[in-house]
Amino acid sequence: MIDVIINSASATLIGAGSIFILIGALGLVRLPDFYTRMHAAGVTDTLGAELLLLGMMLQAGLSLVTLKLMLISLFIFFTSPTSTHAVANAARVMGLRPMSGSKDILTSNENT
Amino acid sequence: MLIAATTALLIAMVLTLFRAIAGPSLFDRVLSANSFGTKIVLLIGLLGFLTGRPDFLDIALLYALVNFVGTIAILKFFRYRNLGLSSDEIASREDTQ
């Protein structure tokens, strides 16, 4: 009985994680601007990765494998926001401007 | 479910690779390389579970480390054109800029 519960919970988590990863990858291709694409990458790195690792943890049971998965999960949890921040900071310092939403500003930029 | 997740991950990796090749700016490429690294970590874990040998997770952990250091190194190189700068040299370059 408890096996069924754990297996279905793990399957749900892994399924949700892969859906989030697909959404993130789709956003990475479809979104129009670097700063908006960062949101899509964030979805992959946080929700997708953590849900997948959590599902694998449930599947592994209590063992050394779970500990390793926890370490990977903790590491991704800390480094992914750091590297995203570093990329955004570097882009801003090197002068990449965010795309403006207003149509007037876009046309006035084209004119100048 | 593991097979479905692996398939989804492979599709996502193809899409990420497309952005890494087509990305108009350098930062798009760095971002998608970073994202690709995360996906590789997950793929190694999933493949370990799929083949019944979860020992690959050590490699996945190492890959996560290399991915983070690689991203920071690329960004540092393209900002200062030098990887061996100390913090004092970086501070003096910041002053001159």
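Values in this document were obtained by computation on a predicted structure and should not be read as measured data.

Undergrad: Is there a simple way to explain the interface of chain A and chain B in this structure?
TA: By convention, interface size is frequently given as the accessible area that disappears when the constituent parts associate. Between chain A and chain B, the contact holds 40 residues from the first and 40 residues from the second. Between chain A and chain B the total buried area reaches about 3600 Å² when both faces are included, carbon and sulfur atoms providing 82% of it. Taken together, the connections running from chain A to chain B amount to 2 salt bridges. Note that R37 of chain A is salt-bridged to D28 of chain B, the shortest N-O span being 2.5 Å. Applying the counting rule to chain A against chain B returns 6 residue pairs in polar contact (both at pLDDT 80 or more).

Undergrad: What's the story with the side chain of K68 of chain A in this structure? I'm lost.
TA: Along the chain, K68 of chain A turns up in helix α3 (residues 64–93). The buried category is assigned to K68 of chain A, whose relative accessible area is 17%. Not counting the four nearest positions on each side in its chain, K68 of chain A is found in contact with L57 and D58 of chain B.

Undergrad: What is the right way to read helix α2 (residues 34–60) of chain A from this model?
TA: All names here are of chain A. With 27 residues, α2 extends 38 Å between its outermost C-alpha atoms, agreeing within 8% with the 39 Å of an ideal straight helix rising 1.5 Å per residue. Approximately 30 degrees is the largest bend angle found in α2, and it occurs at G48. A positive backbone phi angle near 75 degrees is found at G61, which sits one or two residues after α2.

Rules of the game
Residues numbered from 1 in each chain as written. Chains lettered and ligands numbered in written order. Predicted model: local features only at pLDDT ≥ 70, side-chain atom pairs only at ≥ 80, totals over all residues. Heavy atoms only, no water. Contact = heavy atoms within 4.5 Å. Buried area = accessible area lost by both parts, 1.4 Å probe. Salt bridge = Lys/Arg side-chain N within 4 Å of Asp/Glu carboxyl O. Polar contact = N/O pair within 3.5 Å; in protein donor to acceptor, adjacent residues only side chain to side chain. Helix = DSSP H or I, 4+ residues; strand = E, 2+ residues; numbered from the N terminus. Buried < 20%, exposed > 50% of the residue type's maximum accessible area, 1.4 Å probe, protein only. Expected span 1.5 Å × (residues − 1). Bend = angle between axes of the 7 residues up to and from the residue.

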